[in-house]
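What follows is the residue order along each chain.
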Amino acid sequence: MTKEPIKAKELSADKRISGFDEVVLGYSEKEALAESLRCLQCKNPTCISGCPVNINIKEFIFQVAKKDYAGAYFTIRKTNNFPSICGRVCPAEYQCRKACVLNKSKLAYCSSEAINIHFLERFVGDYGMRNNLQAPVEKDAQSSEAKVAVVGSGPAGLCCAGELARKGAAVVVFEGLQSCGGVLRYGIPNFRLPREILDYEINYLAKLGVEFKTNVLVGKTVSLDELFQQGFSRIFLGLGAGVPLFLGIKGENLCNVYSANEFLTRINLMSAYKFPEYHTPVNIGRHALVVGGGNTAMDAARCALRLQKINGIKPDVKIIYRRTVTEMPARRLEIKHAEEEGIKFKFLVQPKEFQADDKGFVRQLNCLNCELKEADASGRRKPVALEGSDFSIPCDLTIIAIGLEANQVLTSATPELKTDKYKDIVINPATMETSIKHVFAGGDIVGGEGTVIEAMGMAKKAAISILQNS
Amino acid sequence: MSDLSKAGKIIAKELIVDHAGVRVVKLTISAPEISRKAGAGQFVVVMPSEKGERIPLTIVKADSFAQTIILIFQEVGLTTKTLGALNAGDTLYALVGPLGHATKIKNYGKVILVGGGVGIAEIYPVATSLKQAGNNITAVIGAKTKELLILEKELRDTADKIYLMTDDGSLGQKGFTTDVLEDLLKKDKYDLVYAVGPIPMMKKVSQISQSFNIKTIVSLNALMVDATGMCGCCRVTVAGKVKFSCVDGPEFEAGQVDWEELEKRNSIYLEKEKHICKLKF
């Protein structure tokens, strides 16, 4: 038995940046077995409580070690409908892996000694996918009566739909865009989550009986009242936090200053990287600058770099962040990948003002240096700009990736739906029910920006209460 | 929601302008849900094909009885050309709406509606609704030349007064819609100006009506992607604040719009468009 963590194979950096192919290649059977044998099978497995949907991690890893991959698959599926997605995008180092007893660091994220739970989950999920394993529907009389409308097909909506369908409820998912997946499709690039994986997991739900209706913007095309009139007995709102935040500094609306959402939507949803075969354009730039420190910032920067490379431009992408690498909320793996691919990081930098050429295109960002003071409400050390430390960074493309807030299309069309000061939907935390009877909510529209798995945790809770309540 | 399966089918197609390389197409599209909901001033997002862009188009007419909507657009880029190449019986790849806020319809009194080019199609539903609300309607419509002037008959039937303008004088008066607007505002008192057309036209309308201190609404044609408030592509500065024209608009008070910024932002993809238009369609 080896004590060394098993690394997952990856595409080499120079190969990756020439396209949008998946970067992490995942475990072979042999590697998965070796990693599973590192698991101590703790009597009190802390990892499980580190998972927002409480996957029985100990059990599934034990099954992997016994080569019972199908068993492992069904163990995960009991609490998580999307192992192949979560195994790829979960920030495991802040969740299950951080709770692993092998974890040695006192950092905000786990050390490399922790079991690579996410890679094992991915291996198991992909095994199930390759072998077309299908978890049985556990129908009961009560749940089969329920007819539920799920609004939004992002992580929360898909998870809620899956939980309900597995119990035999009739579920229709409504999505405003032309294809399902929400942020998993428009936000996360192919090189982190291949479209085929997402499509498979959505099809899996369709096989469970979930119906998908795209191009329906609930709140505009149809109201919540009308959904009830059409015979839905319960509604789940998984609207996400889709509205990009901006810095609020001068020059932010200059040409080629993008929100990360716009930049990534053009590329991921509309396939702008295949322009002109696909008609949606995106500008590329010779000197791209990304503002932010989360996964979205990493995704945007890595997309920008790939676009430059594909278009024969010498890659030049910088990420600027107000704090340091330690405080960056992005997955450690994505930060590492971004560095390997040639993205430069500038820390302790606060944007001050964009400047343009005479045609209105961005040409440089004036900035200030920061220093970190004591911790703020987020628990991270607060950056404070240093007066007089002005400097500028030349750029002809800028992507703002500093966060998102609630989309109000549905809430403003539904005044009875109570929201808080952040415009998030207020729920009863015990049931996830909103201020409207029989309307439930979960995911980022409830908690503000969170992770995929956190959204799923809330959606599951809502699904349980929808079923009990039906 | 069974109706949704019918959405997006093209019921009828008419080429309403085909002159000197300019093609303006009118499509009647099956859209049960949208036709019931659409108010004047709202728009839909259309994808003609899987590879096409998501493009916003104003709903020119919604017929809840026939369960159809009418869209009118000029073929300018590859996506509008793809859309224009579709025929009755074809189905759009995607159609979503109605989007944006509807025009606030009430009895303002005397209203001037100014439409330029395909913008004429966008003032038509507003003119109809305002007329029904008891307003006295003056329509001022203009185009480069007489063949490009659309919906003349429809607006003539709706408006109390109509002024036709062509740049070359081939129909109506020679000159711009803004010339008439200025004359009208000098001679008489009006309660509202509503304008849709090319940005330079709307900007000029804004300047003129501000000098007469008259409330003026414009419907902006900012670039959009999702058009549901998610991407921020369509952001425009209004009264010093950043607004998303898809969900906060598309209508704004003309005098509050940062026109220079809008004009520049709408030119972001000129280079790419030149490139794509060279491709064989």
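Residues numbered from 1 in each chain as written. Chains lettered and ligands numbered in written order. Predicted model: local features only at pLDDT ≥ 70, side-chain atom pairs only at ≥ 80, totals over all residues. Heavy atoms only, no water.

K.L.:
An account of the overall build of chain A is requested, with residue identities and associated values reported.
P.N.:
Broken down by element type, chain A carries 18 helices and 18 strands. Computed over C-alpha atoms, the radius of gyration of chain A comes to 22 Å, within 12% of the 23 Å expected from 2.2 N^0.38 for 470 residues, which places it in the range of a compact globule. Judged by the C-alpha coordinates and their principal axes, chain A covers about 70 × 60 × 50 Å. The buried share among the 470 residues of chain A stands at 61%. Taking the contacts inside chain A whose residues are at least 6 apart along the sequence as the reference set, 68% of them involve residues at least 24 apart. For chain A, the exposed area adds up to about 18100 Å²; of that, 52% sits on carbon and sulfur atoms. Separation between the mean location of the 60 positive side-chain charges and that of the 52 negative ones in chain A comes to 4 Å. (Helix = DSSP H or I, 4+ residues; strand = E, 2+ residues; numbered from the N terminus. Rg over C-alpha atoms; globule rule 2.2 N^0.38 Å. Buried < 20%, exposed > 50% of the residue type's maximum accessible area, 1.4 Å probe, protein only. Contact = heavy atoms within 4.5 Å. Areas by Shrake-Rupley, 256 points an atom, 1.4 Å probe, with all protein chains shown as cover. Lys, Arg positive; Asp, Glu negative; His and termini not counted. Charge placed at Lys NZ, Arg CZ, Asp CG, Glu CD.)

K.L.:
Requested: an account of the sheet that holds strand β4 (residues 170-174) of chain A, with residues and values cited.
P.N.:
Residue and element names in this part refer to chain A. The strand order β5-β4-β3-β6-β18 describes an open sheet built from five strands, whose pairing is parallel. Looking at strand neighbours, the two that pair on one side only are β5 (211-213) and β18 (439-441), the edges of this open sheet. In this sheet, adjacent strand axes meet at a mean angle of 20 degrees when their direction is disregarded. Taken together, the three bridges between strand β6 (residues 234-237) and β18 define a ladder with parallel strand orientation. (Pairing = 2+ DSSP bridges. Axes fitted to C-alpha atoms, helices over the stretch in contact; angles between N-to-C directions.)

K.L.:
Explain the pattern of salt bridges to me, and be specific about the residues and the numbers.
P.N.:
Residues and elements named next belong to chain A. This structure, assessed with the given rule, holds 43 salt bridges over all chains. Here Glu-262 ties to Arg-266 by a salt bridge, and the two come within 2.9 Å at their closest N and O atoms. Of the two residues, Glu-262 and Arg-266 are both situated in helix α13 (residues 260-269); the distance of four residues between them amounts to about one turn of the helix. Each of the two residues, Glu-262 as well as Arg-266, counts as buried. (Salt bridge = Lys/Arg side-chain N within 4 Å of Asp/Glu carboxyl O.)

K.L.:
Break down the environment of A:Cys39 for me, with residues and values.
P.N.:
Residue and element names in this part refer to chain A. For Cys-39, the position within the fold is in the loop between α2 (29-37) and α3 (46-49). Judged by its relative accessible area of 18%, Cys-39 is buried. Considered as a pair, Cys-39 and Leu-348 are 309 residues apart in the sequence and their alpha carbons are 39 Å apart.

K.L.:
Please set out the side chain of A:Thr221 residue by residue, giving values where relevant.
P.N.:
Within the secondary structure, A:Thr221 is located in the loop between β5 and α12 (224-229). With residues up to four places along the chain from it excluded, the contact list for A:Thr221 reads A:Asn215, A:Val216, B:Glu33, B:Lys37, B:Val96, B:Gly97 and B:Pro98.

K.L.:
Any chance you could break down the interface of chain A and chain B for me, citing the residues and the numbers?
P.N.:
Contact with chain A, which involves 48 residues of that partner, is made by 48 residues of chain B. Roughly 4000 Å² of surface becomes buried between chain A and chain B when both sides are summed, with 59% attributable to carbon and sulfur atoms. Among the residues chain A hides against chain B, the three largest losses belong to A:Lys220, A:Asn253 and A:His279. Together they make up 19% of the total. Taken together, the links from chain A to chain B amount to three salt bridges. For the salt bridge of A:Glu277 with B:Lys51, the shortest nitrogen-to-oxygen distance reads 2.8 Å. Looking at the side of chain A that touches chain B, the elements with two or more residues in it are β7 (243-244), β8 (257-259) and α13 of chain A. The element that contributes the greatest number of residues to the side of chain A that touches chain B is α13(A), accounting for four residues. Of the residues that constitute the side of chain A that touches chain B, the class distribution is 22 nonpolar, 17 polar and nine charged. (Buried area = accessible area lost by both parts, 1.4 Å probe. Nonpolar A, V, L, I, M, F, W, Y, C, P; charged D, E, K, R; others polar.)

K.L.:
Lay out the nonpolar core in plain terms, naming residues and giving numbers.
P.N.:
The biggest cluster of nonpolar side chains holds 139 residues, and the ones touching the most others in it are A:Ile57, A:Phe60, A:Leu227, A:Leu237 and A:Phe263. If you tally residues by element for this core, the top one is helix α18 (residues 452-469) of chain A, at ten residues. Counting 54 residues, the second largest nonpolar core, distinct from the first, contains B:Val114, B:Leu184, B:Leu220 and B:Val236. (Core = buried A, V, L, I, M, F, W, Y, C linked by side-chain atoms within 4.5 Å.)

K.L.:
So, the pairing of strand β6 (residues 68-74) of chain B: which residues are in play, and what are the values?
P.N.:
All names here are of chain B. The buried count for β6 comes to six of seven residues, which makes it a mostly enclosed element. Pairing analysis gives three bridges linking strand β5 (residues 61-63) to β6, with the strands arranged antiparallel. Note on β6: the bridge partner recorded for Asp-63 is Thr-68.

K.L.:
So what about the sheet that holds strand β3 (residues 43-47) of chain B? Which residues, and what values?
P.N.:
Residues and elements named next belong to chain B. Strand order in the open sheet made by the three strands is β4-β3-β7, with antiparallel pairing throughout. At either end of the open sheet lies a strand with only one pairing partner, and these are β4 (55-58) and β7 (94-99). Averaged over all neighbouring strand pairs, the angle between strand axes comes to 25 degrees, with direction disregarded. Taken together, the four bridges between β3 and β4 define a ladder with antiparallel strand orientation. Opposite Val-44, over in β4, you have Leu-57 as the bridge partner.

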